[in-house]
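# Report on the structure
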Amino acid sequence: MDCKEAEGLIPKYLDDSMDRDTLLEFMMHIRDCKTCYNELETYYIVEKAMETLETEDDPSFDLSKVLEKDLNRRWTMLSRLENNVHITIFFAVLTALCMIWIFLDMYGIFSLSYLL
């Protein structure tokens, strides 16, 4: 992903409307590109400051740290999604192996009944 594409995706990041693969590419680019990170931080701070001014009387918190927390939250989410994919694949393979074993045992091709 290049800087122009990453900067164009900042609004989608802010409204949380990116698909998982695009978000992963965007996050990797932001992690490695200080210019794009600063651009994201600027937009993020402006958006959060406006939200805070509308809802709170005392907006005295560090919005840069809020961005870091949000980035960490999304990394965690992406990591969990990746883990879920691996777990799903594992159980699909395990199920397929069990089905093959049952089929082979049913037709006497490969019987494990002697183990019981």
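To start, this report covers the structure provided alongside it. Not measured: the values here are computed from a predicted model. (Residues numbered from 1 in each chain as written. Predicted model: local features only at pLDDT ≥ 70, side-chain atom pairs only at ≥ 80, totals over all residues. Heavy atoms only, no water.)

So, about the pattern of salt bridges. The tally for this structure, following the rule as stated, stands at five salt bridges. Close ionic contact of Asp16 with Arg74 constitutes a salt bridge, the shortest N to O distance being 3.5 Å. Note that Asp16 is positioned in the loop between α2 (10-14) and α3 (20-32) and Arg74 in helix α5 (residues 63-106), a separation of 58 residues in sequence. Between Asp70 and Arg74 there is a salt bridge, and its shortest N-O distance comes to 3.2 Å. In this pair, Asp70 and Arg74 are both assigned in helix α5, four residues apart and thus about one turn of the helix distant. By relative accessible area, Asp70 is classed as buried at 11%. Since its relative accessible area comes to 4%, Arg74 is described here as buried. By sharing partners, the salt bridges in this structure join Asp16, Asp70, Arg73 and Arg74 into a single network. (Salt bridge = Lys/Arg side-chain N within 4 Å of Asp/Glu carboxyl O. Helix = DSSP H or I, 4+ residues; strand = E, 2+ residues; numbered from the N terminus. Buried < 20%, exposed > 50% of the residue type's maximum accessible area, 1.4 Å probe, protein only.)

Here the focus is the environment of Arg74. Taking the C-alpha atoms as reference, Arg74 lies 8.7 Å from Leu23; in sequence the two are 51 residues apart. Setting aside residues up to four positions removed in sequence, Arg74 forms contacts with Tyr13, Asp16, Leu23 and Met27. (Contact = heavy atoms within 4.5 Å.)

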